[in-house]
Amino acid sequence: MSVVPVIVEELKRAGSDGGTVVEFGCGSGVTSRLLHDAGYKVIGFDLSESLILMARKRVPGAVFQLESFVTADIPSCVAVTAIGEVLNYTFDSANGTVVRAKTFERVYRALAPGGLFVFDTAGPARAPSHNPERTFSEGRDWAVMMEVEADTASNLLTRRITTFRKQGDLYRRDFELHQLQLVDPLEVVESLQRIGFSVQTLDCYGSLTLPRGLIGFVARKPTSSAGNAQQVVPADALARASEL
């Protein structure tokens, strides 16, 4: 189960059966393929050249650009997505609280009336309960080891990921270092509402339950200035989301 059915259902509810969807952190184009197949024009941005090349092969009919959401020129669209902690990552050193708020404003301006901004962010509850936390998973010809720890003073989450993939009779070893700035979900909601979005928080994408501390957001631009009534997210709902 992916987030795509959620996006499509919400767009159809707003009367959008087609149009442009912008993806921040499009990765290898898996979600782009589903959106394209659902009848939407897709424009994707990512900082990984190898993933952009994979996305272009997977969805030849979409447009993919090697760029950060921080600097991307957002075209007029019916929806913008940032799925998979995209707004938390520090791959772009310019990312931060002020930049995220400015990104929200840029998204709002680019969206058509009734348009959607669907994304998720990692909150403080994403930090491991045991620090550091180590996990291991494996398949027939691969294995992944991950160590996660958090600096609670700076709300910085670090993931050290070591992968092994079989190539012939040998295994290739790769290492990745991921760092995320954990974000208070209440800060996100307040920032979106100040701009004019109505906001709904999610603890799942359809039947897919989000892991602890990962909060989904559906932010909608009003259909008209007269309809600019903000949906207030109950405090208890945010509290529950923060504890997930």
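Below you will find a few notes about this structure. (Residues numbered from 1 in each chain as written. Predicted model: local features only at pLDDT ≥ 70, side-chain atom pairs only at ≥ 80, totals over all residues. Heavy atoms only, no water.)

The next point concerns the pairing of strand β4 (residues 77-82). Taken across its six residues, β4 has six buried, putting it largely inside the fold. The sheet contact formed by strand β1 (residues 19-24) and β4 spans three bridges and is parallel. Within β4, the position partnered with Val21 by the bridge is Ala79. Examined bridge by bridge, β4 and strand β5 (residues 111-122) share five bridges and lie parallel to one another. By the bridge assignment, Ala82 is partnered in β5 with Phe119. (Buried < 20%, exposed > 50% of the residue type's maximum accessible area, 1.4 Å probe, protein only. Helix = DSSP H or I, 4+ residues; strand = E, 2+ residues; numbered from the N terminus. Pairing = 2+ DSSP bridges.)

Here we take up the pattern of salt bridges. Pairing between side chains of opposite charge can happen when the charged atoms of each approach one another. A complete count under the given rule lists eleven salt bridges for this structure. Here Glu10 ties to Arg13 by a salt bridge, and the two come within 3.2 Å at their closest N and O atoms. Highlighted residues: Glu10 and Arg13, both in helix α1 (residues 4-13), separated by three residues, approximately one helical turn. Residue classification places Arg13 among the exposed residues on the basis of a relative accessible area of 56%. Here Glu187 and Arg100 are joined by a salt bridge, their closest N and O atoms 4.0 Å apart. Residue Glu187 is located in helix α5 (residues 185-195), and its partner Arg100 is located in helix α4 (residues 97-110); the two are separated by 87 residues in the primary sequence. Residue classification places Arg100 among the buried positions, given a relative accessible area of 5%. (Salt bridge = Lys/Arg side-chain N within 4 Å of Asp/Glu carboxyl O.)

Next up on the list: the nonpolar core. Within soluble globular proteins, side chains that are nonpolar tend to cluster in buried spots. Phe24, Val80, Phe117, Phe119, Leu192 and Phe197 are the most contacted members of the largest nonpolar core, which totals 29 residues. Of all the secondary structure elements, the ones that give two or more residues to this core are β1, β2 (40-46), β4, α4, β5, α5 and β13 (214-220). Top element by residues in this core is α4. It accounts for four residues. Other than its neighbours up to four places away in sequence, Leu192 contacts Phe104, Phe117, Phe119, Phe197, Val199 and Ala219. Grouped together as the second largest cluster of nonpolar side chains are 25 residues, Ile7, Leu11, Val21 and Tyr40 included. (Core = buried A, V, L, I, M, F, W, Y, C linked by side-chain atoms within 4.5 Å. Contact = heavy atoms within 4.5 Å.)

Moving on to the side chain of Ser16. Structurally, Ser16 can be placed in the loop between α1 and β1. Of the residues examined, Ser16 reaches a relative accessible area of 18% and is grouped as buried.

For the coordinates displayed, the defined rule picks out zero disulfides. With no disulfide of its own, Cys77 lies closest to Cys26 among cysteine sulfurs, the gap being 14 Å. Overall, Cys77 belongs to the buried group, its relative accessible area being 4%. (Disulfide = S-S within 2.5 Å.)

Attention now moves to the side chain of Glu147. For Glu147, the location among the structural elements is in strand β7 (residues 142-151). A relative accessible area of 19% means that Glu147 is categorised as buried. Within polar-contact distance, the side chain of Glu147 engages the side chain of Arg134 at 2.9 Å. (Polar contact = N/O pair within 3.5 Å; in protein donor to acceptor, adjacent residues only side chain to side chain.)

Looking now at the packing of α4 against α5. One can describe the packing of α4 onto α5 by two numbers: an axis separation of 10 Å at closest approach and a directional angle of 40°. Considering their axes alone, α4 and α5 lie oblique with respect to each other. Crossing geometry of α4 relative to α5 is assigned as right-handed. Across the interface between the two elements, Thr97, Arg100, Ala101, Phe104, Glu105 and Tyr108 from α4 touch Glu187, Val188, Ser191, Leu192 and Ile195 from α5. Taken together, the residues of the contact of α4 with α5 sort by class into six nonpolar, two polar and three charged. (Axes fitted to C-alpha atoms, helices over the stretch in contact; angles between N-to-C directions. Parallel < 35°, antiparallel > 145°, perpendicular 65-115°, else oblique. Left-handed = near helix turned anticlockwise from the far one by under 90°. Nonpolar A, V, L, I, M, F, W, Y, C, P; charged D, E, K, R; others polar.)

Turning our attention to the sheet that holds β13. What holds strands together in a sheet is hydrogen bonding between their backbones, with the strands either parallel or antiparallel. On the basis of which strands lie adjacent, the open sheet formed by seven strands has the order β3-β2-β1-β4-β5-β13-β10 and mixed pairing. For this open sheet the edge positions go to β3 (63-66) and β10 (198-202), each flanked by a neighbour on one side alone. Here the strands of the sheet are splayed against their neighbours by 15° on average, with no regard to which way each runs. Note that β10 and β13 share five bridges and pair antiparallel. Counterpart to Gln200 in the pairing with β13 is Val218. With respect to the sheet, helix α2 (residues 30-37) is in contact with β1, β2 and β3, its orientation differing from that of β2 by roughly 165°. With respect to the sheet, α4 is in contact with β1, β4 and β5, its orientation differing from that of β5 by roughly 150°.

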